[in-house]
Structure formats: C-alpha cells, structure tokens
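Next come the chains, spelled out residue by residue.
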Amino acid sequence: VQETLFVCVGQRGGLAWLEQVQVSDTSAPQRLEAAPLSVSHSGAFAAAGDAAALLDQRGFRVWRRGWQSSKFYGQSHEPTAVCVDPLLRYVAVGDVKGVVWTWWGILDDDNVKKVPARWHWHSSAVRTLLPCGPLCLSGGNEAVLCMRNVEDDNLNTVPRFPGPLRHLAVCAAANRICVSVAENTLALIDELHGFIKPRWIHGIDVPIAGPDEKVEAGHQDGDVLHSLAGAAGVAMTASGRRIQFLDNSGSCNYSQSLRLDRGNYVQPMDADAGHKWTLLQIAFSVSAKHIMTCESRRSPAADRFHNEGVRTLALKWWRRGEDGQYELHSLSNSAHVADVTVALAHPNQEHCFVTGASDGTFKFWDLKNIKGEASKTEGGQDGKQTHVEQQQEHKQCWQCTMLGSWRNRPVMCGCFATDGSILALGFSGFVVLFEASTGRELHVFPLHKASDKVDSLRSVIACGRLLLVASVCSNNGEARCEDLLVWDLMRLSIAAKLDLAKALPRRGPILVRVASDNYAGLRLLLARRASKELQLWQLTQSDVVPDGALVFKQEVRLTSEPVNQGILDFSFLESEQRLLCWTSRHELWDMDITEAKSMTVDTAATQPPLEEEETEARRGKLARLVGGRETAADATQQGDAVQLVRLQLRTTPAQQAGIVPHLIEKIVPPHVPSHMLQPPSMIWAGLLSVFGKTLPTVAPSTAQAPAGKDRPGADALGSPGSAKKAEDEDNH
C-alpha cells in the first residue's frame, strides 16, 4: 500500500498548491508529482484518504487521486474552515457568516450537480471543522464546541471555553478530542456523551486575536511582566484575562493562576476589543497575598449615543486562601470616574494600595473591619455575643481612607519610595512628592516645560542614596526631547541625566526597568517597546564630576536581530544576570546577560550637563524675590546633618494675599501727592518690609571652620535667629 503525505505549499492569502511526498520509508522520503490542485488566494486546507480540499477566496477546490484536474465549488460568502470526511462521503465548509455547508457526494467521480445542506448555529465566522465518526465538530469565536450529527442534525454543545476555538484534533478511535483555544490552552475531552468536563493543559497566555487574526488593541500596550517584591518570581498578564505566576527558574505555577473574566454581560461578537473586560492596572501587595486589579470595558449601548463611548470601571481586590488560590474579596464599581492610570502597593504595609486616575484624583485604600447591624444594637440574651454576631464583627472590606488631588491635573504615573514614606506622582510638567502617611505635599520637581509628560517613575536605593528615576518626554514639533532624570530625594536635586533620544534611536514608548536595590550602583534596562534592542546601563558614582554627581555608563547592548522579533516587555529575575523578555511573537525568553557581548559606544553625548535643569535660571527676578520656592536644602553645605526630606518654606501671609489695597497703603499711602512721595530707596525698603521674606539659615556643622572663608556668603544668610524667625512666619 502506497503511503502518501499531502503537503500544502504556499502562503495564506496568496498562491498555494498541493505537493505529494511518499513516506512508506521514513528514512528516505520521496517527492512525487505535484497534484493538480492550486488556488490564487489560499485559505484553510484539509485532507483525508486520497482526497484533499483547499479553500479559495470565493469557494474551494477538491481533488482526489486519479483525477486529471480539480473541481471548483463556489460559495456565497468567503469560506473560513473546511474538513473532509474520512469515509469520503462529504466535504464540510464553514464561512464568515457562521454557516456550515455540507457537500454530499462531491468526491464521487460523476457529473451530477450537487446541492449542499445548510446548517447555521454560529453567530460569527466558523474557525475550525473536524469529522469525528457520525459527528461533525465545529468551533468559532463563541468559545463553544458544537458536536452535530450529520445525518439528523442533532446538536450537543460544550460551552464555557476560556477563549475562541482555533483547532480540533481527534484520535484514531474517534473517542477523544483535543481542542486548541486561542489563549494558548489545550482542552482534552474524553467523553462525547452526557456531562462533559474537559481536562486542561495550560501554557503561557497569549493575547487573543480578533476576527482579522490580529492581536486585539490594548492587550500589549501595558506591562506584561510584573516583578513580585516580597515573593520570589514574576507575574504575567499577557492576555489581559488571567494572571499567571512564574518562579525564579521561569516555570509557571498553573495552580495559582487567577482568571479575571467577569460573567453576566453581553458582548457582541463582531465588536472591537473595547467591549470586552480587559485589565488596565494591577498591583501586588508586599507578600503577594493581596492583589488589586482594575478592569475596564466600553458599553455597547452607550456607544450608540456617544462617539467616544462610556467606559465602565471595576476595581477588585483578591485574597489568597490557604489552598493558594485567589478569590474575590471586594469590588468597587465607582472608584474613579475616568480611566485608572496608576495602581500601587505599599512596599511595607500589606493592606495599603493607591490608585490614581485621569480625573485628577488619587486615593488610598486600606482593609478595614466593619461591624454588622446586630452587633451594634444588642447582644445575646445572656449579655454575650452570639456566634453570628462575632462573625459580623470580623467582616472586612477595602475602603478609601484618603482622597487627594493636585491642581486638578490628571495623574500619569507614580511610585512609592523604597521605605514607603514618600509617594511620588507624575503630572503634566511636574513630579510631586507626598507624605504617604498623611498625604501632605512635601516637594515639587518642575520639569523643563509645563507640557512635558512623565511616562514612568521608579524609586530605588543605590550608591548610598535614595533615588527617584523618571522617564520624561516632550513634543516640540519636529524636535523630540526624551530624558531619563534621576533625583536625589535626600538633597532634592538632580543627580544624573541621560538623553534617551540619543541613547535609544527611533521612536516609540520607552520601557525602563531597574534592578534590585543595592548600595554599589544601579542597573537599568532601557528599550523602546517593540524594538529589537535592549540596553543595560549602570549608574555609578563619578570621581570627575563635582558634588558627588552620578553618571551613566552603558554596560551591555542586547539585540534580537537574528530572530527578527520585537521586545514588548522585560523584567529582571532574582539574579540580576538573568532576564525574562516577552516578544512580539508571543514568546517568553530567558536571557543570560553574562553571555551577551558588550558593544562599546560613546556615552558622553547622551549625558547633558545637569545645569540645564536648574530651576533658578527659568525664574524671573521678581519671582526669586517673592516666589518662595527656595528650600532649606539650597543652604545645606557638605558636612551638615543629612535630612531625608526638606520641606519647602512657605510664603508669608502678605505674599499669599498678593497686591491688595491695605498692603499697598503701607508702602505708598494713597493720600500723599506724587511730588511728595519718599525717595525710591525708601519705597524699596517699604516693599521689602511688607512683601519680603527672611532668608533661611542652617546652622553650620562643628566640623567646618568658623571663619567665613570656607563658606562664602555665610554672613549674607544672617544669624541663626533669622532662621527661627522664618520658621515662625511659616507657622502662620
């Protein structure tokens, strides 16, 4: 018996043809004569026995061994799936409208005109067809497996698959089925009758493709890999519908996977990705025991009345049980009125989360105990609480404990300081520091322009300093300004700066990842999303630059050119020498930095001088006189006691009131004629006495010489009593 393998050669959507390969001797396969079966716009391909079928744009062609040519059968709509009965009784074809056409007898060598049988159940395109004994299996975007008897059209369905069905396979005995789901999951079905419960083989989730076979928009715009601070490993949210956990070796722990799908809602099958619940933000507590997620979708009904649509938000908190599984603990449907752009977890407190949104508000959330009505009113008959009342007392719910905003500007990004004492939030043109315990504003870092955008914020301890790393971009017409700024939170000044436009050529969103905290130096991974190059930079102490400034040095440049894949996200593993990379072809790479070859580049041009960010140069003379933006850190000298945060000195009550009549009267009385006014020097002295402000003074350290030679301008700062006076003015 001749054993022949049918091979469809070509490109989907283009020219394709059928080749025959004899495999009776697998050690020496032999190519036979090409079959007379070819199409110009190829689609799905199927074969059984000595027959084969190949889809074209407006129909399909069938061929059987012994035929001199293939036969073409037209379809009213574009076909999407095809299968051939192993007994060669029929050929089933599914189209984009969800109709399955069964062509009986077209594999017989006769010239009788054939009329297909029509069966319509699917609401969208049929993606896969497979014969299984007397059954014909079909699947599509509905995530339902249909098992139809081709003789009497009796239907049995298996619903609730986690995603659209893409492929079907059946064993030789036709009693076991394998279903391939679009999110990279396999379902094994052992029984075809009665109650069917599949067994699952899970892989790393991939974004689910839409009807046009392209990745749905929004699933790859955010972070995919999330480092777990207090727990070993990395969390993945590649599909936006499930959270998977990987250990330090890169292996996935499927038993702890958390599915985020929300049921009981209507979703049109032909709608875009915005009508599905997708993950916007996620935050993990310090021990990964609690997870906060923010999911969003557009309302299909509201889209009919609003061009942009109305988005529905759901803020959820999940708790890990004793069995290691996460379960939903609390849900808030009205946390913010706009998209949530920031989701943070406190680095030290297990039950503290922060959310920020484009509506200009940010909120602190904590797990609070709530008491039931029964425990509030009365106890049991003997004066003791009953078991039900005790249970009600121990109920807990996530509640908003603090609400804040800053100049009604939308929150763009944020992070906690490493010790959790400071919350840094990025706004358009500013980075603002808040006290985490009270929400009080501590300091404002103004950017170069008010329109500059802060893409990301990271806080680390490196080089013996508490640093804040910010990725900033601005659009100045054709000129593109992208910088990586590093602030020293102890000195409230810029410690280093890197020109990202020169370091990372081309355009696109910039990804910044930092290694674990250390005192020797800081390692940063920089790349543009979907680019083919990763750069590893090191931030170290400089012996050349004065004032102990930090400098960037490029350590390694990694590239994915040989495999032609873009890098969508990456993360450090427990060891700083290993990386996890998520690529544009939905592959997860485990990379070793030590095996990469470093490419030396000139990094001097990528580090602009720090003087460009001096805020004093952009302020006018009058602003420096009465603006009140100078802080006590400006008067700090080397050797003074180090303070973690130096609060900004507030303006005097007169400066806050502004130019008002009762204050101007103290300088220039309104009843005095102009020719009788005081000399300009006296008017200037009066202006200083009303609107002026005493300069801050910091007591010199004992290690410094008492003479004024080592501290120029020390006499100009005034005596220690003047600083006390400034503090008294601030108390007002």
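Our subject is the structure listed above.
The rules we used
Residues numbered from 1 in each chain as written. Predicted model: local features only at pLDDT ≥ 70, side-chain atom pairs only at ≥ 80, totals over all residues. Heavy atoms only, no water. Pairing = 2+ DSSP bridges. Helix = DSSP H or I, 4+ residues; strand = E, 2+ residues; numbered from the N terminus. Axes fitted to C-alpha atoms, helices over the stretch in contact; angles between N-to-C directions. Core = buried A, V, L, I, M, F, W, Y, C linked by side-chain atoms within 4.5 Å. Buried < 20%, exposed > 50% of the residue type's maximum accessible area, 1.4 Å probe, protein only. Contact = heavy atoms within 4.5 Å. Phe/Tyr/Trp six-rings, centres within 6.5 Å; stacked < 30°, edge-to-face > 60°. Polar contact = N/O pair within 3.5 Å; in protein donor to acceptor, adjacent residues only side chain to side chain. Patch = residues over 30% accessible without salt bridge, like charges linked within 9 Å, V, L, I, M, F, W, Y side chains within 5 Å. Areas by Shrake-Rupley, 256 points an atom, 1.4 Å probe, with all protein chains shown as cover. Salt bridge = Lys/Arg side-chain N within 4 Å of Asp/Glu carboxyl O.

Caption draft 1: Here's a closer look at the sheet that holds strand β16 (residues 155–158). The strand order across the open sheet formed by four strands is β13-β14-β15-β16, and the pairing between neighbours is antiparallel. Of all the strands in the sheet, just β13 (126–132) and β16 have a single pairing partner and so form its edges. Averaged over all pairs of adjacent strands, the angle between their axes in this sheet comes to 20 degrees, without regard to strand direction. For β13 and strand β14 (residues 135–140), the ladder comprises six bridges, and the chain directions are antiparallel. Pairing of Leu 130 across the sheet is with Leu 137, part of β14.

Caption draft 2: Structural detail: the nonpolar core. Core analysis: the biggest nonpolar cluster contains 29 residues, and Phe 60, Val 62, Val 82, Val 84, Val 91, Ile 106 and Leu 107 have the highest contact counts within it. Those elements giving two or more residues to this core turn out to be β2 (16–22), β5 (45–48), β6 (51–56), β7 (59–64), β9 (79–84), β10 (90–95) and β11 (99–104). Top element by residues in this core is β6. It accounts for five residues. Ignoring anything within four residues of it in the chain, the contact list for Val 82 reads Ala 44, Phe 45, Ala 46, Ala 53, Leu 55, Val 91, Ala 92, Val 93 and Leu 129.

Caption draft 3: Structural detail: the sheet that holds β7. The strand order across the open sheet formed by four strands is β5-β6-β7-β8, and the pairing between neighbours is antiparallel. Only two strands of the sheet have a single partner each, and these edge strands are β5 and β8 (71–74). Strand-to-strand twist in this sheet, taken as the mean axis angle between neighbours without regard to direction, amounts to 20 degrees. The pairing of β6 with β7 spans six bridges and is antiparallel. When the bridges of β7 are listed, Asp 56 appears paired with Gly 59.

Caption draft 4: Region of the structure containing the packing of aromatic side chains. According to the stated counting rule, one finds 17 aromatic pairs in the structure shown. Pairing Phe 245 with Phe 284 gives two aromatic rings, centres 6.2 Å apart and planes at 80 degrees, and the pair type is edge-to-face. On the criterion of sequence distance, the pair formed by Phe 245 in strand β23 (residues 242–246) and Phe 284 in strand β25 (residues 278–284) is long-range, its members being 39 residues apart. Summarising the aromatic geometry, the rings of Phe 445 and Trp 487 are spaced 4.7 Å apart at their centres and angled 15 degrees between planes, so their arrangement reads as stacked.

Caption draft 5: How the structure looks around the environment of Arg 242. Take Arg 242: it is sitting in strand β23. On the basis of relative accessible area, Arg 242 is assigned to the buried category, the value being 5%. Excluding anything up to four places from it in sequence, Arg 242 contacts Glu 183, Thr 185, His 202, Gly 203, Asp 205, Met 236, Thr 237, Ser 257, Leu 258, Arg 259 and Leu 260. Only 3.1 Å separates the side chain of Arg 242 from the side chain of His 202, close enough to count as a polar contact. At 2.4 Å, the side chain of Arg 242 and the side chain of Asp 205 are in polar contact.

Caption draft 6: Local environment of the side chain of Arg 528. Inspection of the secondary structure puts Arg 528 in strand β42 (residues 522–528). With a relative accessible area of 3%, Arg 528 lands in the buried category. Filtering out sequence-adjacent residues up to four positions away, Arg 528 remains in contact with Arg 480, Glu 482, Leu 500, Ala 501, Leu 504, Pro 505, Arg 506, Arg 507, Gly 508, Pro 509, Ile 510 and Ile 567.

Caption draft 7: Looking closely at a nonpolar patch on the surface. Taken together, Ile 659, Ile 664, Val 668 and Leu 677 make up a surface patch of nonpolar side chains, about 330 Å² in accessible area. Residue placement: Ile 659 occurs in the loop between α5 (653–657) and α6 (661–667). Relative accessible area serves as the criterion here: at 73%, Ile 659 is assigned to the exposed category.

Caption draft 8: Fine view of the pattern of salt bridges. Per the counting criterion, the structure on display carries 21 salt bridges. For Arg 89, the salt bridge identified is with Asp 85, shortest N-O distance 2.8 Å. Owing to a relative accessible area of 28%, Arg 89 belongs among the partly exposed residues under this scheme. Taken together, the shared-partner salt bridges connect Glu 183, Asp 205, Arg 242 and Arg 259 into one network.

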